[in-house]
Amino acid sequence: MDQPAENTKNAEEEAGALAAVEQHHAGMLKRLNALTDTLTHAVRTGDTVAEHAAHEVLVEWCETDLVPHALAEEGPLYSAPRETPQGKLLVEGMLAEHQVIVGLVETLRGSSGVDSAVAAGSIRNIFALHLEKENSLLMPFIVASPELSLARAVEGLHELVGEAHVHQHGTGQAGSV
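Residues numbered from 1 in each chain as written. Predicted model: local features only at pLDDT ≥ 70, side-chain atom pairs only at ≥ 80, totals over all residues. Heavy atoms only, no water.

From N to C terminus, the chain includes seven helices and zero strands. Ordered by position from N to C terminus, the α and β elements of the chain give α-α-α-α-α-α-α. Scored against the burial criterion, the 177 residues of the chain give a buried share of 42%. When contacts within the chain are restricted to residue pairs at least 6 apart in sequence, long-range pairs at least 24 apart make up 72% of them. Counting only carbon and sulfur atoms, one obtains 55% of the accessible surface of the chain, whose full area is about 9,400 Å². (Helix = DSSP H or I, 4+ residues; strand = E, 2+ residues; numbered from the N terminus. Buried < 20%, exposed > 50% of the residue type's maximum accessible area, 1.4 Å probe, protein only. Contact = heavy atoms within 4.5 Å. Areas by Shrake-Rupley, 256 points an atom, 1.4 Å probe, with all protein chains shown as cover.)

Printed below as a string of structure tokens:
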């Protein structure tokens with residue numbers, strides 16, 4: 001299918017956006033692993049003070065980083081692929097995973113002890129699987145599709161690519177996101 005010249009994607013920008021999202025995902029998963037491990041260790045050792053602190057930090061991270069990241073994906077990153085026959089089912093499955101993650105965060109918020117460690121581990125495991133699908137299926141699909149652009153989808157969205165990429169490659173919209 002022929003495209004007008006203005007819709008031609010820049011391969012370097014696409015590769016840069018893909019690398020930025022993957023790097024941001026890796027950092028998020030690393031942080032979630034550390035927070036989950038801290039909570040689990042506190043529960044295992046019966047240190048209720050450390051457990052309370054770890055639980056509070058993990059819930060806060062989920063509310064300020066994890067859930068906003070998921071919600072940010074649902075707009076520009078998911079909307080265009082969802083409109084394609086090839087991407088529709090994948091995106092719908094990933095949206096369902098967002099609902100599971102949000103539900104698990106609510107479970108975590110109201111739990112303590114072993115229940116909080118189980119909820120934290122569940123969040124970590126679902127999120128790791130979700131990131132693997134995004135990194136290996138959805139984003140390569142977007143990059144390979146002539147009518148879609150990962151670079152345009154994540155432009156200016158620090159929730160999806162991290163602050164450094166927005167400030168390095170943003171269009172001046174970073175402050176409003």
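A word on the pattern of salt bridges. Following the criterion strictly, the structure yields five salt bridges and no others. Residue Arg-109 is joined to Glu-106 by a salt bridge in which the shortest nitrogen-to-oxygen separation is 2.5 Å. Here the residue Arg-109 and the residue Glu-106 both occupy positions in helix H3 (residues 88-109), the gap between them amounting to three residues, near one helical turn. Residue classification places Arg-109 among the partly exposed positions, given a relative accessible area of 33%. A network of salt bridges, in which partner residues are shared, links Glu-63, Glu-106 and Arg-109. (Salt bridge = Lys/Arg side-chain N within 4 Å of Asp/Glu carboxyl O.)

Here we come to the environment of Thr-107. With respect to the helices and strands, Thr-107 occurs in helix H3. We classify Thr-107 as partly exposed; its relative accessible area is 44%. The spacing of Thr-107 and Ala-119 is twelve residues in sequence and 6.6 Å in space, taken between C-alpha atoms.

Ranked by size, the top nonpolar core spans 22 residues in total, and within it Leu-58, Trp-61, Cys-62, Leu-66, Leu-108 and Ile-123 carry the most contacts. At the level of secondary structure, the elements contributing two or more residues to this core comprise helix H1 (11-45), helix H2 (48-82), H3 and helix H4 (113-144). For this core, the element with the highest residue contribution is H2, accounting for seven residues. Other than its neighbours up to four places away in sequence, Leu-58 contacts Leu-32, Leu-35, Thr-36, Leu-39, Leu-108 and Ala-120. (Core = buried A, V, L, I, M, F, W, Y, C linked by side-chain atoms within 4.5 Å.)

These figures capture arrangement, not role.
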